[in-house]
Amino acid sequence: MEFRRVVVTGLGTINPIGNSIAEYWENLENGVGGAGMITHFDASKFKTQFACEVKNFDAKEHFDRKEVRKLDLYTQYALVAVKEAMADCDLDLESEDLTKAGVIWGSGIGGIKTFLDEVKGYANGDGTPRFSPFFIPKMISDIAAGHISMKYGFQGPNYGTVSACASSSHAIIDAMNYIRLGKADVFITGGSEASVNEAGLGGFNSMQALSTNNEEFETASRPFCKTRDGFVMGEGAGCLILEEYEHAKARGAKIYAEVVGGGMSGDAYHLTATHPEGRGAINSMNMALNDADLKPEDIDYINVHGTSTPVGDIPETKAVQTVFGEHAYKLNISSTKSMTGHLLGAAGSVEAIASILAMNNQTVPPTINHKEQDPQIDERLNLTLHKAQKREIRAALSNTFGFGGHNASVIFKSFSE
Amino acid sequence: MSDIASRVKAIIVDKLGVDETEVTPEASFTNDLGADSLDTVELIMEFEKEFNIAIPDDQAENIGTVGDAVSYIEENAK
C-alpha cells in the first residue's frame, strides 16, 4: 500500500526559552539555558528549588476571565502554542473540510495543579464534598485536545496520548499515520505539560529523578556530563501542524519538513529505569528508520532524549551506537534539554520543533553545561558540546522515552518534491 | 439592594465574567448570562458556601434567574 506523504506546515511553542518559535530558535542557536529558582510556589522546603519555568506568561493576555477558570495551566499552554502554529500555517478554515481535520495532543500528567487544589480543598474541609464541577473536565489529560477542537472547529479524530515523557512523540506519530492512511488531511498535534507545582516537584523529587544541584541551578541540566545528577523540570507546549502533502501543495502552504517515520517500543524492564543496553531505544530507532525507508547513514542529527539523569544518558548513547554503528561518529547528537529542561509530556513536541528548525537552519543546537567527560560515554561521539555547529542536515531523528518504558522516535526529512 | 442580593450579584459577576449591569433580577443564568450546565452547578455551590446553606438538587433546578436565587436564599439562609 502506498502511503500518502505528510508535511509540517505550522509551528508554535511556549517554553522556558521562548514564547514564540522565533525566540525559541534564537536561544537554541545561542545555547541559552532557561533554568531559574522556582517562582510558581514557595519551594524552600523542597530538595530541588529550581526549574525551567515559562517566563512572562500572563493568562489574562490570552484568555478572558471566565474562560481561564476552566483551563488548567497545561491547557492554557496548549492553546497558546496552537494559536501561533495555526496563524503560521495560514489554513483557511472557511474552505476546509473540518471533518478531515483532527487533533491529537499529548500530556504526561494533565491538570495536576487542578487535582492538587481540589483535593487540598476537600482535605482541608469537614468532609462535605465540594468539588468544582470543572474539577474533572479541567484535570483530565485529554481535555486540551477537546479545547483545541472547540476553538478551531476541527471535527476529525480527536484524543490525547499518554506515555509520560514520550506522550507528544506518540501524538505526532499517530497524527502522521492517520494522514498517511487517509483518515484525515490535517492534524493539530504536539503536547503540553505544567507540573512545576508542589505535587509535581515533590513527586519527582521522591523518585530521585530531579537534579538537586541548587547551588549550580543554572547549569544543572547537563546531559552526558560526568557530574549530572538528574533532570531539571521544564514546562510549556509545542505544536506542529501536520498536513497531507498534496493538500498543502494545493493551497501553496509553506513546508518546513516532511515527517517520514515513527518508531515505538516498550522496554518491558522497569518502572522508571531505562534498560541498561537501551533495548527499547534500539527497537524504537530501528523501527523509525525502517518506517521512513532510510538507512542509518541518511540521518545527520539526533535530538536525543538525554535528560541528564545518571541512569538514562548512558543506555541511550549505547543504543545510538548499536543502531548507527560507525556512522554514530559522523552524526551530530545533542540534548536540547540542557537548555529547555525536561518538558515531560511536551518534550517530544518541542524537540521535534528543535529538530525541524535545526534542519531548516542547517545548524545543530548545542548540548550546553557539559563540564566533564563521563568515561562510560564514548568520547568519539559528537555531542555538539557548548556551541551550535553548522552542518548540512538531510534528516533528523528525535528520541523520547517515558517512565513505564515507553519509547518513541520520529524522523523528519528536509523537504524536496 | 439587600445585602443578600449584592453578595449574590458579586458571585455571579466573578464566576460568569459578566458586567454588573447585566445582573438584573430577571436575568436568566443560561439565556442571558451565558452560563452552561456546569457553570450553573458551580453557581449553586458558591451560593451554598457563601450563605452556609444546602440547596437540594430538586430545589436547585428551580433557580434559573438572579431573582430566583436571591428569593431562595432570603427564605432559607440562617
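Conventions we followed
Sequence order sets the numbering: in each chain, residues are counted from 1 along the sequence as written. Chain letters start at A and ligand numbers start at 1, both assigned in the order the entries are written. Note on the predicted model: pLDDT of at least 70 is required for a residue's local features to be given, and 80 or more for side-chain atom pairs to be given and counted; whole-chain, interface and lining totals, by contrast, use all residues. As a rule here, side-chain values come from all non-hydrogen atoms in the structure, and water together with hydrogens is ignored. UniProt positions are given in the numbering used here, feature names are shortened, and annotations may be inferred rather than shown by experiment. A helix here means a DSSP run of H or I that spans at least four residues, while a strand means a run of E at least two residues long, and both kinds are numbered starting from the N terminus. Each residue's exposure class comes from its accessible area (1.4 Å probe, protein chains only) as a fraction of the maximum for that residue type: buried when under 20%, exposed when over 50%, partly exposed otherwise. By the convention used here, residues are in contact when the closest approach between their heavy atoms is within 4.5 Å. Where each domain begins and ends follows an automated or database-derived domain assignment. The term buried area denotes the loss of accessible surface (1.4 Å probe radius) that occurs when two parts are joined, taken as the sum for both partners. We define a salt bridge as a contact between a side-chain nitrogen of Lys or Arg and a carboxyl oxygen of Asp or Glu at a distance within 4 Å. Identification of polar contacts relies on pairs of N or O atoms within 3.5 Å, with a donor-acceptor requirement for protein atoms, meaning one able to donate a hydrogen and the other able to accept it, and with residues adjacent in sequence counted only if both atoms are side-chain atoms. Each residue receives one of three labels: charged for Asp, Glu, Lys and Arg, nonpolar for Ala, Val, Leu, Ile, Met, Phe, Trp, Tyr, Cys and Pro, and polar for the others, Gly being one of them. For the purposes of this section, nonpolar cores are sets of buried Ala, Val, Leu, Ile, Met, Phe, Trp, Tyr and Cys residues that join through side-chain atoms within 4.5 Å.

If you check an unreviewed UniProt entry, chain B appears there as Acyl carrier protein from Marinifilum breve. Reading the Sequence similarities (unreviewed entry) entry of the UniProt record for chain B gives the comment "Belongs to the acyl carrier protein (ACP) family."

Chain A has the name 3-oxoacyl-[acyl-carrier-protein] synthase 2 in an unreviewed UniProt entry, where Marinifilum breve is given as its organism. Quoted verbatim from the Sequence similarities (unreviewed entry) field of the UniProt record, the comment on chain A reads "Belongs to the thiolase-like superfamily. Beta-ketoacyl-ACP synthases family."

> Can you help me understand the environment of Val 8 of chain A in this one?
Residues and elements named next belong to chain A. Position of Val 8 relative to the elements: it lies in strand β1 (residues 6–14). Taking relative accessible area as the criterion, Val 8 reaches 0% and is therefore assigned buried. Excluding anything up to four places from it in sequence, Val 8 contacts Leu 240, Ile 241, Leu 242, Lys 254, Ile 255, Tyr 256, Ala 257, Val 259, Ile 356 and Phe 412.

> Can you help me understand the domain arrangement of chain A in this one?
Quoted interface sizes are often the accessible area lost when the parts come together. All names here are of chain A. Domain parsing of chain A yields domain 1 (6–250) and domain 2 (260–413). The C-alpha centroid of domain 2 is placed 21 Å from the C-alpha centroid of domain 1. On the side of domain 2, 67 residues touch domain 1, which itself brings 65 residues to the contact. Here domain 1 packs against domain 2, burying approximately 4900 Å² in sum over the two surfaces, 69% of which is carbon and sulfur. At the boundary of domain 1 with domain 2, the tally comes to four salt bridges. There are 24 residue pairs in polar contact (both at pLDDT 80 or more) connecting domain 1 and domain 2. For the side of domain 1 that touches domain 2, the element with the highest residue contribution is helix α7 (residues 167–180), accounting for eight residues. Class assignment for the residues of the side of domain 1 that touches domain 2 results in 29 nonpolar, 26 polar and 10 charged.

> Help me out: how do you make sense of the nonpolar core in this one?
Nonpolar side chains tend toward joint burial in soluble globular proteins. All names here are of chain A. Residues Val 8, Leu 11, Leu 240, Leu 242 and Phe 412 are the most contacted members of the largest nonpolar core, which totals 42 residues. Mapped by element, the contributors of at least two residues to this core are β1, α1 (21–29), α7, β7 (236–244), β8 (257–266), α13 (347–361) and β14 (406–413). The residues touching Leu 240, leaving out its near neighbours within four places in the chain, are Val 8, Gly 10, Leu 11, Ile 172, Phe 187, Ile 188, Thr 189, Ser 349, Ala 352, Ile 353, Ile 356 and Phe 412. In this structure, Val 82, Ala 101, Ile 188 and Ala 237 belong to the second largest nonpolar core, which totals 32 residues.

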